[in-house]
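# Analysis of the macromolecular model
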Amino acid sequence: MLWTASQVFRKFSTSSHYYQKKLKLAIIGQSLFGQEVYSSLRKQGHKVVGVFTVPDKDGKADPLAVAAEKDGTPLFKFPRWRNKGQPLPEVVDAYKSVGAELNVMPFCSQFIPMNVIDHPKHGSIIYHPSILPLHRGASAINWTLIHGDEKAGFTVFWADDGLDTGPILLQRECAVEPDDTVDTLYNRFLFPEGIKAMVESVQLIADGKAPRIPQPEEGASYEGIQRKSNARVDLAQPAKAIHNWIRGHDKVPGAWALIGGQSVTFYGSSMLSGSVPAGQPLEIEGASQPGIISKNGLVLFGNDGKALLVKNLQFEDGKMIPASKYFSSGENSSVELTNEEKQMAEEIRNIWKAILSNVPAIVDTTDFFKSGAASMDVVRLVEEVKQKCAGVQLQNEDVYMATTFQDFIQIFVRKLRGEDQEEELTIDYATKEVNNMTVKMPYQCFINGKFEDAEDGKTYSTINPTDGSVICKVSYAAVGDVDRAVAAAKEAFDNGPWGRMNPRDRGSLLYKLKAAPGKPAFIDCTRVSAGRSKSLHRSAFQKKKNCSLAGMLADLMEEHQEELATIESIDSGAVYTLALKTHVGMSIQTFRYFAGWCDKIQGKTIPINQARPNRNLTFTKKEPLGVCAIVIPWNYPLMMLAWKSAACLAAGNTLVLKPAQVTPLTALKFAELSVKAGIPKGVINILPGSGGMVGQRLSDHPDIRKLGFTGSTPVGKQIMKSCALSNLKKVSLELGGKSPLIIFSDCDMDKAVRMGMSSVFFNKGENCIAAGRLFVEESIHDEYIRRVVEEIMKMKIGDPLDRSTDHGPQNHKAHLDKLLEYCEIGVKEGATLVYGGKQVDRPGFFMQPTVFTDVEDHMFIAKEESFGPVMVVSKFRNGDVDGVLQRANDTEYGLASGVFTRDINKAMYVSEQLEAGTVFVNTYNKTDVASPFGGFKQSGFGKDLGEDALSEYLKTKAVTVEY
């Protein structure tokens, strides 16, 4: 990221000791950038003996002039320094009178004479926003993007008599993001890092350390200034080149094309991945084919057949609209203002009056830009309005789309009331009358706060394992959908309210929020048709100052727990009572637990050796990672979502989640509830589909910083490899298991039988920590097996929605077939099939609870996980504690384990020796939201639940301050 003439520059610190040598400076330039450089240099102790800037424009002083005047710094506002190429003597004399030792020119649009440039002892340094000698000239940032450069940057160089040709002092660079514009590149890197670099450069000069490296002529380029007149888009070229041209002119001067004989300017360009959305054709002069006005914006086509998407359009009169509304007949009608809103409008009128000081009066038709406002005035307007009316979510774009005072007040009031269209959510439901209720199930991809079809329109059937019937068709996400979801999550993290939200407020969204009195948080206008309903909802994420956010994610899940449990039961086969208590109940507890952590995530202060005579303070900060991917299994669809998502969100990240292909419905219902709770758009994205497509793209995606996965060990290995090869993502893996359960003869037999059965048959055996192998001490082995079989014969197998059912269907047909094959292998290898081993003779995917004994260590069923209701029992010699421990640990897995004994010393010894992430003593399946969960060896690494889980979604930054 840093290129300097010598790597020695990085040795210098920014401590008070470093800044002992100071210079007398003349600041020659203008703009907010000039003001920040001026202020920063003064803070570092340099003496600014004069500021030379441009005259006032329309009665408004330049920001640099404002700062200098406030500080009492000698201030000069020269209209020009030369006349017909000759220096003006009175101007040069005024300059020389300040006695500067160095001229600092952060941004200067005037031609400065060489007898001024060379006059100070140390000469002059200039900031230029390109990696010289590339892009010399006045539109360097524009041309960086127009040419599609992969890197951007800036140069601080010594001024000479050429145009940006002087010797280099230092350079810095950054990567150009695919959708960067002039504004984003400048605001993200060139502006903040440029200020720091100018200050560093001055100090290097003061210390006699500044190099003068001649610019190479090889690779040098010069492009002319970009003006509106020469910014017309050539549409007869590849889509990427068109995209680069548009973003290279966004916002100034604006790339344009002729549509219907009128010049229309394009803003917000991005390359379109995947299929082209449907829409209405639009003829554009010079285009290889008509554009398309879609719901997402204007689609333009290059001559290579590829496409790009333009978000906003601006007409010749300055009016800007979303491109998707080009064919809309008329905008929203005016809203009637309340007395309180009229009072706010007058306060905003005063803000306009302060900014447009040259305008005698602000009337409804006053145009912000035609009255002389510039881009920095847009920022000031937005920030002042937001300061006056806390909570209203104005953006710079809103000013460009509502340029007159009247239009601006209208858009302000709509946002204040929460009536802006982005907050409307349309849901197509699949409805089903089941379990004495009507369940409403979203079935589309959930991306950026909206439910929508997969980009290619593909769907698949999700099956009810109770009878093999189709529940509904579900969207089958494609790679393009993944890219859009990740982009939405990245935007939400980088620029949305989630990233700026106070941690305590974030916890409130996850835990407890109160709805605005007298106002529904979520409007549902349902009409049922052919088994489906379509509803229009509005998010509770209200923007009004006195309007608290509606809903409560955990409480909403609790409010809908019967519906969630019913969906979980028909989609996964979970027994309803278990789904209600565990699948849904523990999910609610998990969100409440991690909501409480949001404002308790903190670093440490660390004592270190002092750098005498100075002192040091070192502390750490815990920061979110960014966009996280979560891939969950099919055995506990909602609970696995909660275990990972709650910690991820509590840490401040955004996420893209892929539910298991065979159990997507509770995840999509959760997405609906997240909107009700007021989670901002883009924070949560849900993509049903295949692991090979969606999961693989998430593993490969360069904008994802963490992937959490629960599933099989082979897939976990592939994910880990892909995450390493792509961008070294942080990874946490909860993988396969073959958890041993040791039952000693001194156990509580009743409890050991009851818990031993639960350890295997809980949730139909589809349980990651299920006891994959039981070791029973020889003296009690036969009695134990007899009692287990007696209890199995009492179990009721049947419809999971029947409250008296103990054992429901396996999750899907392929898994049932795998279990039957597993049992066949056990019999062939010589294990004794005591009970079960067959499919139940009824519709659906039901498997008999199964018990094998006489299982020897070399057998397949002794080593491999069944992930089903199969009890695998081996006996061990009486009193052979170390022998059974050796056998229990003789596995590549280490997820969980258990021991039953009344001897506390034996229990503690065994728990110490067992190689597993969790050890249960005289119990089993006892997980809790506060206790960390995760495995050893090939069962994976990283933790879900408890405080440890937060560390999986945080990074630690160490900060050392010298004072």
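Because the structure is a prediction, the values reported are computed rather than measured.

Within the chain one finds 28 helices and 43 strands. Projected onto its principal axes, the C-alpha coordinates of the chain cover approximately 110 × 70 × 55 Å. Within the chain, buried positions represent 56% of all 963 residues. For the chain, long-range pairs separated by at least 24 residues make up 70% of all intrachain contacts whose partners lie at least 6 apart in sequence. Approximately 40,600 Å² of the chain is accessible, and the part contributed by carbon and sulfur atoms is 50%. Side chains of the chain give 111 positive and 114 negative charges; the mean places of these two sets differ by 4 Å.

The next point concerns the nonpolar core. Counting 106 residues, the largest nonpolar core has Leu510, Phe591, Phe594, Ile743, Leu774 and Tyr784 as its most contacted members. A per-element tally of this core places helix H18 (residues 637–650) first, with 11 residues. When residues are assigned to domains, this core turns out to be shared by domain 4 (437–513 + 550–734) and domain 5 (739–934), each giving three or more. Those residues within four positions of Phe594 in sequence are excluded, and the remaining contacts are Ala646, Ala647, Ala650, Leu945, Gly946, Ala949 and Leu950. Counting residues in each nonpolar core, the second largest holds 39 residues, with Leu41, Leu102, Ala152 and Val176 among its members.

Given two aromatic rings, their pairing is described by the distance between the two centres and the angle made by the two planes. In this structure the tally under the stated criterion is 28 aromatic pairs. With 5.7 Å between their ring centres and 35° between their planes, Phe154 and Phe189 make a pair best called tilted. Of the two residues, Phe154 sits in strand E9 (residues 151–158) while Phe189 sits in helix H6 (residues 182–206), which places them 35 residues apart along the sequence. Per residue, the accessibility class of Phe154 equals that of Phe189, and both read buried.

This model, assessed by the stated rule, comprises 37 salt bridges. Measuring nitrogen to oxygen at the nearest pair gives 3.4 Å for the salt bridge that ties Asp746 to Lys906. Linking Asp746 in the loop between strand E33 (739–743) and helix H22 (749–761) with Lys906 in helix H27 (residues 904–913), this pair joins segments that are 160 residues apart in sequence. We note a salt bridge from Glu783 to Arg787, for which the minimum N-O separation is 3.9 Å. Residue Glu783 and its partner Arg787 are located together in helix H23 (residues 778–794), separated by four residues, close to a single helical turn. Classification of Arg787 as partly exposed rests on a relative accessible area of 22%. Among the charged side chains, a network of salt bridges with common partners joins Arg172, Glu193, Lys196 and Glu200.

To continue, consider the packing of helix H8 (residues 339–355) against helix H9 (residues 375–388). Put simply, H8 and H9 touch, their axes get as near as 10 Å, and they point 150° apart. With respect to their mutual orientation, H8 and H9 come out roughly antiparallel. When the axes of H8 and H9 are compared, the crossing they make is right-handed. Taken together, the residues of H9 that come into contact with H8 (itself represented by Glu347, Ile348, Ile351, Trp352, Ala354 and Ile355) are Asp377, Arg380, Leu381, Glu384, Val385 and Lys388. Of the residues contributing to the contact of H8 with H9, the split by class is seven nonpolar, no polar and five charged.

Next up on the list: the UniProt feature "binding site: (6R)-10-formyltetrahydrofolate" (unreviewed entry) in the chain. Within the UniProt annotation, "binding site: (6R)-10-formyltetrahydrofolate" (unreviewed entry) is assigned to Gln110, Phe111, Ile112 and Asp164. The largest pairwise C-alpha distance within this set of annotated residues, which runs over 55 residues, is 13.7 Å, so the set is compact in three dimensions. Mapped onto the secondary structure, Gln110 falls in the loop between strand E7 (102–105) and helix H4 (114–117). A residue is classified by how much of its surface remains accessible, and Gln110, at 17% relative accessible area, is buried. Filtering out sequence-adjacent residues up to four positions away, Gln110 remains in contact with Thr53, Val54, Phe78, Pro79, Arg80 and Trp81. One polar contact links the side chain of Gln110 to the main-chain carbonyl oxygen of Phe78, over a distance of 2.7 Å. Residue Phe111 is classed as exposed on the basis of its relative accessible area of 63%.

Take the sheet that holds strand E27 (residues 616–624) next. Across the sheet, three strands lie side by side as E26-E27-E43; this open sheet has antiparallel pairing. Two strands in the sheet have a free side with no partner beyond their single neighbour: strand E26 (605–606) and strand E43 (954–962). Bridging between E26 and E27 involves two bridges; their strand directions are antiparallel. Opposite Ile606, over in E27, you have Thr618 as the bridge partner.

Joining two cysteines, a disulfide is a covalent bond between their sulfur atoms. Counting across every chain of the model gives zero disulfides. For the unlinked cysteine Cys648, the closest cysteine sulfur is that of Cys628, found at 3.9 Å. For the unlinked cysteine Cys723, the closest cysteine sulfur is that of Cys628, found at 11 Å.

Next up on the list: the pairing of E7. Side chains Leu102 and Val104 project from E7 onto one buried face, and the interleaved Asn103 and Met105 project onto a second face that is buried too. Judged from the three bridges that link them, strand E2 (residues 24–28) and E7 form a sheet pairing that is parallel. If you follow Ala26 over to E7, its bridge partner there is Asn103. As judged from the three bridges shared by E7 and strand E8 (residues 124–128), these two strands associate in the parallel manner. Bridging from a neighbouring strand, Val104 pairs with Ile125 of E8.

Attention now moves to unusual backbone geometry. Working note: non-glycine residues mostly have negative phi, and peptide bonds are mostly trans. Pro133 follows Leu132 through a cis peptide bond whose omega is 15°. Secondary-structure assignment places Pro133 in the loop between E8 and helix H5 (140–146). The phi torsion at Asn436 lies on the positive side, around 60°, for a residue other than glycine. Phi at Asp854 takes a positive value of approximately 55°, unusual for a residue other than glycine. With respect to the helices and strands, Asp854 occurs in the loop between strand E36 (850–853) and helix H25 (860–863).

Attention now goes to the packing of H22 against H23. Axes are the key here: two packed helices are described by the angle between their axes and the distance separating the axes. For the pair H22 and H23, interaxial distance at closest approach is 10 Å and the crossing angle is 60°. In terms of orientation, H22 lies oblique with respect to H23. Judged by the sense of rotation from one axis to the other, the crossing of H22 with H23 is right-handed. Two secondary-structure elements touch here, H22 through Met749, Asp750, Ala752, Val753, Gly756, Met757 and Phe761 and H23 through Ile780, Glu783, Tyr784, Arg787, Val788, Glu791 and Ile792. A breakdown of the residues in the contact of H22 with H23 according to their chemical character gives nine nonpolar, one polar and four charged.

The seven strands lie next to each other as E35-E36-E37-E34-E33-E39-E40, forming an open sheet whose pairing is mixed. At either end of the open sheet lies a strand with only one pairing partner, and these are strand E35 (832–835) and strand E40 (918–921). Across the sheet, the axes of successive neighbouring strands diverge by a mean angle of 25°, strand direction being ignored. Examined bridge by bridge, E33 and strand E34 (residues 771–777) share five bridges and lie parallel to one another.

Now for the UniProt feature "site: Essential for catalytic activity" (unreviewed entry) in the chain. What UniProt calls "site: Essential for catalytic activity" (unreviewed entry) maps, in this numbering, to Asp164. For Asp164, the position within the fold is in the loop between E9 and strand E10 (168–175). The residues contacting Asp164, other than those within four sequence positions of it, are His128, Leu132, Arg136, Gly137, Phe157 and Gln215. One polar contact links the side chain of Asp164 to the main-chain amide nitrogen of Gly137, over a distance of 2.9 Å.

The next subject is H23. For H23, spanning 17 residues, the distance from its first C-alpha to its last is 26 Å, which sits close to the expected 24 Å at 1.5 Å a residue. Taken together, the buried positions of H23 are occupied by Ile780, His781, Tyr784, Ile785, Val788, Val789 and Ile792. Looking at the buried side of H23, the elements it contacts are E33, H22, E34, E35, E36 and strand E37 (870–876).

Right, let's get into the side chain of Ser269. Among the structural elements, Ser269 can be located in strand E12 (residues 262–271). Ser269 gets classed as buried once you look at its relative accessible area, which sits at 5%. Separated by 2.7 Å, the side chains of Ser269 and His243 make a polar contact. In this structure, Ser269 is in contact with Asp179, His243, Ile246, Leu308, Leu309 and Val310, ignoring residues within four places of it in sequence.

Cut-offs used in this document
Residues numbered from 1 in each chain as written. Predicted model: local features only at pLDDT ≥ 70, side-chain atom pairs only at ≥ 80, totals over all residues. Heavy atoms only, no water. Helix = DSSP H or I, 4+ residues; strand = E, 2+ residues; numbered from the N terminus. Buried < 20%, exposed > 50% of the residue type's maximum accessible area, 1.4 Å probe, protein only. Contact = heavy atoms within 4.5 Å. Areas by Shrake-Rupley, 256 points an atom, 1.4 Å probe, with all protein chains shown as cover. Lys, Arg positive; Asp, Glu negative; His and termini not counted. Charge placed at Lys NZ, Arg CZ, Asp CG, Glu CD. Core = buried A, V, L, I, M, F, W, Y, C linked by side-chain atoms within 4.5 Å. Domains from an automatic or database assignment. Phe/Tyr/Trp six-rings, centres within 6.5 Å; stacked < 30°, edge-to-face > 60°. Salt bridge = Lys/Arg side-chain N within 4 Å of Asp/Glu carboxyl O. Axes fitted to C-alpha atoms, helices over the stretch in contact; angles between N-to-C directions. Parallel < 35°, antiparallel > 145°, perpendicular 65-115°, else oblique. Left-handed = near helix turned anticlockwise from the far one by under 90°. Nonpolar A, V, L, I, M, F, W, Y, C, P; charged D, E, K, R; others polar. UniProt positions renumbered as here; feature names shortened; annotations may be inferred. Polar contact = N/O pair within 3.5 Å; in protein donor to acceptor, adjacent residues only side chain to side chain. Pairing = 2+ DSSP bridges. Disulfide = S-S within 2.5 Å. Expected span 1.5 Å × (residues − 1).

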